Amino acid sequence: MRIFREKDYDGMSRRAADILGAQLLMKPDCVLGLATGSTPVGMYDLASGGYSRGELDFSRAATVNLDEYKGLAPDDPQSYHRFMREHLFSRVNLCPERCYLPDGAAPDPDAECRRYDALLDALGGPDLQVLGIGRNGHIGFNEPSDAFSCGTHCVRLTQSTLEANRRFFAREEDVPRMAYTMGIRNILRAGAVLLLASGGDKAEAVHLAFDGPVTPRVPASALQLHPNVILVGDEAALRLLQRK
Ligand code: F6R
């Protein structure tokens, strides 16, 4: 595991964008596993800037997102499809046909999970998987539970996650209660994992994930089993981390 301690959110985003850029240079036809949420927005901005300046070329890459709200269609303003279009897809030369997310409006949830797993298998899994971390230690929407999940599945979001997501919605009742997410096994199949963490409210989760035991009560702790994890965090988020 490699740890980059950056001063603040901007430093974290810069470092993360450099790693994303290096992945594209190393393997232009790579599969990028992507996350939504506040944490990677700065990285997406910088990567888009890199593309505008001619430094980065996404034309041969494919992307697979971790998750999507169940019940939200791809054109819903709150969907992760829209989030990704706004923050990255519309700003770089990714081929839209190779940008994949679970379909929140799929009529048959089980079939949708199987479809997404088959897609991940066909792509060979992500070369680099970007992750944020929830305050409760979730990655993707793998919430604390009694067992690690395997493939793509549908989850009921915990109270802590619903509260964290509340800020993106006008009314509390609009916050989706369920989501599709890649499972822990899907995530662990990535060639490399880039975990981003910013802010003091992530410090406890980062500490439990990497200093504590591997346990499904802290889903991110499964990353201890992955041979190539890059943790990029700012000082506030890594404040409690003991691992060097
Ligand atoms: C989003 C995702 C989530 C977030 C996590 C942190 O696609 O998979 O696990 O990464 O909830 O969210 P932020 O970055 O908003 O703190």
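This text goes with the structure placed above it.
What comes next concerns the included structure. Quantities reported herein were computed from a predicted structural model and do not represent experimental measurements. (Residues numbered from 1 in each chain as written. Predicted model: local features only at pLDDT ≥ 70, side-chain atom pairs only at ≥ 80, totals over all residues. Heavy atoms only, no water.)

Some remarks on the overall build of the protein chain
Short version of the rule: Counting from the N terminus, the helices are the DSSP runs of H or I reaching at least four residues and the strands are the DSSP runs of E reaching at least two. Computation of the radius of gyration draws on C-alpha atoms, with the globule rule given as 2.2 Å multiplied by the number of residues to the power 0.38. Working definition: with a 1.4 Å probe on protein chains only, accessible area under 20% of the residue-type maximum means buried, over 50% means exposed, and in between means partly exposed. Any two residues whose heavy atoms approach within 4.5 Å at even a single point are treated as in contact. Where accessible areas are quoted, they stem from the Shrake-Rupley method and a 1.4 Å probe; at the residue level, only the protein chains shown are allowed to cover. Charged-residue counts in this description rest on Lys and Arg as positive and Asp and Glu as negative, His and the chain ends being excluded. Here the site of a charge means atom NZ of a Lys, CZ of an Arg, CG of an Asp or CD of a Glu.
The helix and strand tally for the protein chain stands at 7 helices and 10 strands. For a compact globule of 244 residues, the expected C-alpha radius of gyration is about 18 Å, and the protein chain comes in at 17 Å, within 12% of that figure. Principal axes of the C-alpha set define a box for the protein chain whose edges measure 45 × 45 × 35 Å. Looking at the protein chain residue by residue over its 244 residues, the buried ones come to 54%. Of all intrachain contacts in the protein chain linking residues separated by at least 6 positions in sequence, the fraction that spans at least 24 positions is 79%. For the protein chain, the computed accessible surface area is about 10600 Å², with 51% contributed by carbon and sulfur atoms. Distance from the positive charge centre (28 side chains) to the negative charge centre (32 side chains) of the protein chain: 3 Å.

Let's talk about helix 3 (residues 80-87)
What counts is decided by this rule: What the arc describes is the spread of directions from the helix axis to the C-beta atoms.
Every buried residue belonging to helix 3 is among Tyr80, His81, Phe83, Met84 and His87, and all of these are buried. All buried residues of helix 3 project into a common sector of 165° when viewed along the axis, lining one side. In this structure, the buried side of helix 3 is in contact with strand 2 (31-34), helix 2 (41-52), strand 3 (62-65) and strand 4 (67-69).

As for the site of the ligand
Applicable threshold: Each residue is tested against the molecule or strand, and it is near if at least one of its non-hydrogen atoms lies within 4 Å. Two N or O atoms count as a polar contact when they lie within 3.5 Å, although within protein this holds only if one can serve as hydrogen donor and the other as acceptor, and sequence-adjacent residues are included solely when both atoms are side-chain atoms. Lining residues are defined by having an atom within 4 Å of a point belonging to a cavity or pocket. Those points lie on a 1 Å grid over the protein atoms alone, cavities being sets where a 1.4 Å probe fits but cannot get out and pockets being open sets with protein on both sides within 12 Å along at least five of seven lines. Molecules are considered to sit inside a cavity or pocket once more than half of their atoms lie within 2 Å of its grid points. Think of it as three bins: nonpolar holds Ala, Val, Leu, Ile, Met, Phe, Trp, Tyr, Cys and Pro, charged holds Asp, Glu, Lys and Arg, and polar takes everything else, Gly as well.
In the vicinity of the ligand there are 13 residues, among which Thr39, Asp67, His138, Gly140 and Lys202 approach most closely. In the environment of the ligand, an oxygen atom lies 2.6 Å from a nitrogen or oxygen atom belonging to the side chain of Lys202. Across the complex, the protein chains shield 91% of the 410 Å² of accessible surface that the ligand would expose by itself. The site holding the ligand turns out to be the largest pocket. Among the residues making up the shell around the ligand, the classes are represented as 3 nonpolar, 7 polar and 3 charged.

Structural notes on the packing of aromatic side chains
Selection criterion: To pair, rings of Phe, Tyr and Trp, with the six-membered ring standing in for Trp, must have centres within 6.5 Å; the planes then decide the type, stacked if under 30 degrees apart, edge-to-face if over 60, and tilted in the middle.
Using the criterion set out here, one finds 4 aromatic pairs in the structure. Seen from their ring centres, Tyr69 and Tyr80 are 4.7 Å apart, and the 45° between their planes marks the pair as tilted. On the criterion of sequence distance, the pair formed by Tyr69 in strand 4 and Tyr80 in helix 3 is long-range, its members being 11 residues apart. Exposure remark for Tyr69: the relative accessible area of 1% places this residue in the buried category. Judged by centre distance (6.2 Å) and plane angle (20°), the ring pair of Tyr80 and Phe141 falls under stacked. Here Tyr80, found in helix 3, pairs with Phe141, found in the loop between strand 6 (128-131) and strand 7 (153-156); they are 61 residues apart in sequence, far enough to count as distant. Among the residues examined, Phe141 registers a relative accessible area of 4% and is labelled buried.

What about the nonpolar core?
Stated formally: The term nonpolar core refers to a set of buried residues drawn from Ala, Val, Leu, Ile, Met, Phe, Trp, Tyr and Cys, joined through side-chain atoms within 4.5 Å.
In this structure, Met43 and Leu194 are the most contacted members of the largest nonpolar core, which totals 41 residues. Elements supplying a minimum of two residues to this core: helix 1 (9-26), strand 2, helix 2, helix 3, strand 6, strand 9 (192-197) and strand 10 (229-234). In terms of residue count, helix 1 provides more of this core than any other element does, 6 residues in total. Beyond its immediate sequence surroundings of up to four residues, Met43 is in contact with Ser13, Ala16, Ala17, Leu20, Val130, Leu194 and Leu196. By size, the runner-up hydrophobic cluster in this structure holds 31 residues, among which are Tyr116, Val206, Val218 and Ala222.

Some points on the layout of surface pockets
Quick note on the threshold: Grid points are joined across faces, edges and corners, and a volume is the space filled by probe spheres set on the points.
Size it by volume and the largest pocket reaches roughly 490 Å³. For the largest pocket, the lining is made up of 29 residues, of which Gly37, Ile133, Gly134, His138 and Lys202 are closest to its centre. The element best represented in the lining of the largest pocket is helix 5 (residues 159-165), accounting for 4 residues. The computed volume of the second largest pocket comes to approximately 170 Å³. Forming the walls of the second largest pocket are 13 residues, and the residues nearest its centre are Pro77, Gln78, Ser79, Phe83 and Phe168. If one sorts the elements of the lining of the second largest pocket by residue count, helix 3 sits on top with 5 residues. For the lining of the second largest pocket, the per-class residue count stands at 6 nonpolar, 5 polar and 2 charged.

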